[in-house]
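Residue-level listing of the chains:
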Amino acid sequence: VGPEVVKTEREVRERVAQARAEGKSIGLVPTMGALHEGHLSLMRRARADCEYVAISIFVNPMQFVAGEDFARYPRDLAADARRAGEVGVDLVFAPEVEEIYPPGDSTFVEVTGTLVEGMCAPHRPGHFRGVTTVCARLFNIFMADRAYFGEKDYQQLQVTKQMVRDLKMPLEIVAVPTLRELDGLAMSSRNAYLSPGERTAATVIYRALIEARRQFERGERVAADLVASATAIIAAEPTARVQYVELRDAETLALIERVEAPVVLAAAVFVGKTRLIDNVVLREGAPG
Ligand code: PAF
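Summary of the structure given here. Because the structure is a prediction, the values reported are computed rather than measured. (Residues numbered from 1 in each chain as written. Predicted model: local features only at pLDDT ≥ 70, side-chain atom pairs only at ≥ 80, totals over all residues. Heavy atoms only, no water.)

Thoughts on helix α6 (residues 154-166)
For α6, spanning 13 residues, the distance from its first C-alpha to its last is 18 Å, which sits close to the expected 18 Å at 1.5 Å a residue. Of all the residues in α6, the buried ones are Tyr 154, Gln 155, Gln 156, Leu 157, Gln 158, Val 159, Thr 160, Met 163 and Val 164. Summarising the contacts, the buried residues of α6 are in contact with α5 (127-142), β5 (146-150), β6 (172-176), β8 (263-271) and β9 (274-282). Where α6 terminates, the next one or two residues include Lys 168, which has phi positive at roughly 55 degrees. (Helix = DSSP H or I, 4+ residues; strand = E, 2+ residues; numbered from the N terminus. Expected span 1.5 Å × (residues − 1). Buried < 20%, exposed > 50% of the residue type's maximum accessible area, 1.4 Å probe, protein only. Contact = heavy atoms within 4.5 Å.)

A look at the sheet that holds β6
The strands that make up a sheet are held in pairs by hydrogen bonds between backbone atoms, and each pair lies either parallel or antiparallel. If you trace the 6 strands from one edge of the open sheet to the other, you get β1-β4-β3-β2-β5-β6, paired in parallel fashion. The open sheet terminates on both sides in strands that have one partner only, identified here as β1 (4-6) and β6. Across the sheet, the axes of successive neighbouring strands diverge by a mean angle of 25 degrees, strand direction being ignored. Across 3 bridges, β1 lies against strand β4 (residues 91-93) in parallel orientation. Each residue of the ladder has a partner; that of Val 6, found in β4, is Phe 93. Together, β2 (26-31), β3 (52-57), β4, β5 and β6 form the strand contacts of α5, whose direction differs from that of β2 by roughly 150 degrees. (Pairing = 2+ DSSP bridges. Axes fitted to C-alpha atoms, helices over the stretch in contact; angles between N-to-C directions.)

Focus: the site of the ligand
As a matter of local geometry, the ligand sits amid Pro 30, Thr 31, Met 32, Asn 60, Gln 63, Val 134, Phe 149, Asp 153 and Gln 156. In the model, an oxygen atom of the ligand is placed 2.6 Å from a nitrogen or oxygen of the Gln 63 side chain. A distance of 2.6 Å separates an oxygen atom of the ligand from a polar atom in the side chain of Gln 156. Bound to the protein, the ligand loses 89% of the 290 Å² it would expose on its own. In terms of residue class, the shell around the ligand is made up of 4 nonpolar, 4 polar and 1 charged. (Near = heavy atom within 4 Å. Polar contact = N/O pair within 3.5 Å; in protein donor to acceptor, adjacent residues only side chain to side chain. Areas by Shrake-Rupley, 256 points an atom, 1.4 Å probe, with all protein chains shown as cover. Nonpolar A, V, L, I, M, F, W, Y, C, P; charged D, E, K, R; others polar.)

Some thoughts on the pairing of β8
Most of β8 sits inside the fold, with 9 of its 9 residues counted as buried. Residues Val 263, Leu 265, Ala 267, Val 269 and Val 271 of β8 are buried on one face, and the alternating residues Val 264, Ala 266, Ala 268 and Phe 270, pointing to the opposite face, are buried as well. Sheet topology note: the strand β7 (residues 240-249)/β8 ladder contains 9 bridges and is antiparallel. Residue Arg 248 lies in a different strand from β8, and its bridge partner there is Val 264. Relative to β9, β8 runs antiparallel, the two sharing 9 bridges. Counted as the bridge partner of Val 264 is Val 281 from β9. What sits between β8 and β9 in their antiparallel hairpin is a turn of 2 residues, with Gly 272 showing a positive phi close to 60 degrees.

A short note on the pattern of salt bridges
Applying the stated criterion across every chain yields a total of 23 salt bridges. Between Glu 211 and Arg 214 there is a salt bridge, with the nearest N and O atoms lying 3.2 Å from each other. Taken together, the residues Glu 211 and Arg 214, both in helix α8 (residues 203-217) and 3 residues apart, mark about one turn of the helix. By relative accessible area, which is 41% here, Arg 214 ends up partly exposed. For Glu 284, the salt bridge identified is with Arg 221, shortest N-O distance 3.0 Å. Note that Glu 284 is positioned in the segment after β9 and Arg 221 in the loop between α8 and α9 (223-235), a separation of 63 residues in sequence. For Glu 284, a relative accessible area of 49% gives the class partly exposed. Here the residues in one salt-bridge network are Glu 4, Arg 10, Glu 14 and Arg 15, joined through shared partners. (Salt bridge = Lys/Arg side-chain N within 4 Å of Asp/Glu carboxyl O.)

A look at the sheet that holds β7
With antiparallel pairing, 3 strands are arranged side by side in an open sheet as β7-β8-β9. The open sheet terminates on both sides in strands that have one partner only, identified here as β7 and β9. Taken over all neighbouring pairs, the strand axes of this sheet differ in orientation by 15 degrees on average, direction set aside. Running at roughly 160 degrees to β7, α9 makes contact with β7, β8 and β9 of the sheet.

Points about the nonpolar core
The biggest cluster of nonpolar side chains holds 47 residues, and the ones touching the most others in it are Phe 93, Ile 100, Phe 139, Phe 142, Met 163 and Ile 173. A per-element tally of this core places α5 first, with 9 residues. Leaving out residues up to four positions away in the same chain, Phe 139 has contacts with Leu 28, Pro 30, Ala 144, Ala 147, Phe 149, Thr 160, Met 163, Val 164, Met 169, Leu 171 and Ile 173. If you look at the next biggest cluster of nonpolar residues, it comprises 29 residues, including Leu 194, Ile 210, Ile 234 and Val 269. (Core = buried A, V, L, I, M, F, W, Y, C linked by side-chain atoms within 4.5 Å.)

Some remarks on α8
Given a rise of 1.5 Å per residue, 15 residues ought to cover 21 Å, and the 21 Å separating the end C-alpha atoms of α8 matches this to within 8%. Burial analysis of α8 places 12 of its 15 residues in the buried class, the great majority of the element. Within α8, burial applies to Thr 203, Val 204, Ile 205, Tyr 206, Ala 208, Leu 209, Ile 210, Glu 211, Ala 212, Arg 213, Gln 215 and Phe 216. Its buried side turned inward, α8 meets α7 (196-201), α9, β7, β8 and β9.

So, in structure tokens, the structure goes:
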């Protein structure tokens, strides 16, 4: 038997209240569907930590910028519910847009400061406001003990943590390492857009990041040199176009010049028309 699939906030609150009455801890994995192994690893982690596991599947219009792939984002609820069932998810919340944003809805939640100064933020104006606005709604509906986020969307993870801290939301954000294909490509629902040739070319992103990591391990500490090295490797791939490669403090996401504390080396790259992101964290004495 698969998980129960519900469409309304009221049903979620009922199911969660029931689980609470049974003394269960609640884990939430927010998703936009098109579930792949990366999502499943979040769910497995939630399953290991929590007694009741719920996921949301909601392609959130507010986090897509005009001209992006909102309309064609892959949607297959039946397949997603089946996959979620295979890893032991109890509840799938798959609301319509009006359930999350009813007519008259007019509140946004927005993190400001260095976290949204760089990386994806300037290229996707309003994106993180859309993410935090929907996550605040989802967190309030589920009242989970823990919510699980992938490190692949590194900026999203930090922004969400900051919102939870600032708004004193009573849940823990759990970060789960990026899952990769055998050739290193970070798993993403958007990989499905790639043609076979683009799929091969896309491996350049992680190769560039780990080459920079090797230089870091050999002692390179100058941010501009690490960034230049990764950028040059991606630029040598004709099908790929760098949107940004940035090295930032791993916590505040402030730009840095020399690596002295843990940093994140993050990239956004167009492969053909598909925009992909990836990152590695560099820290002293530990593999990234
Ligand atoms: O990472 C995602 O899939 C989305 O940004 C999230 C966190 C589900 C919010 O819509």
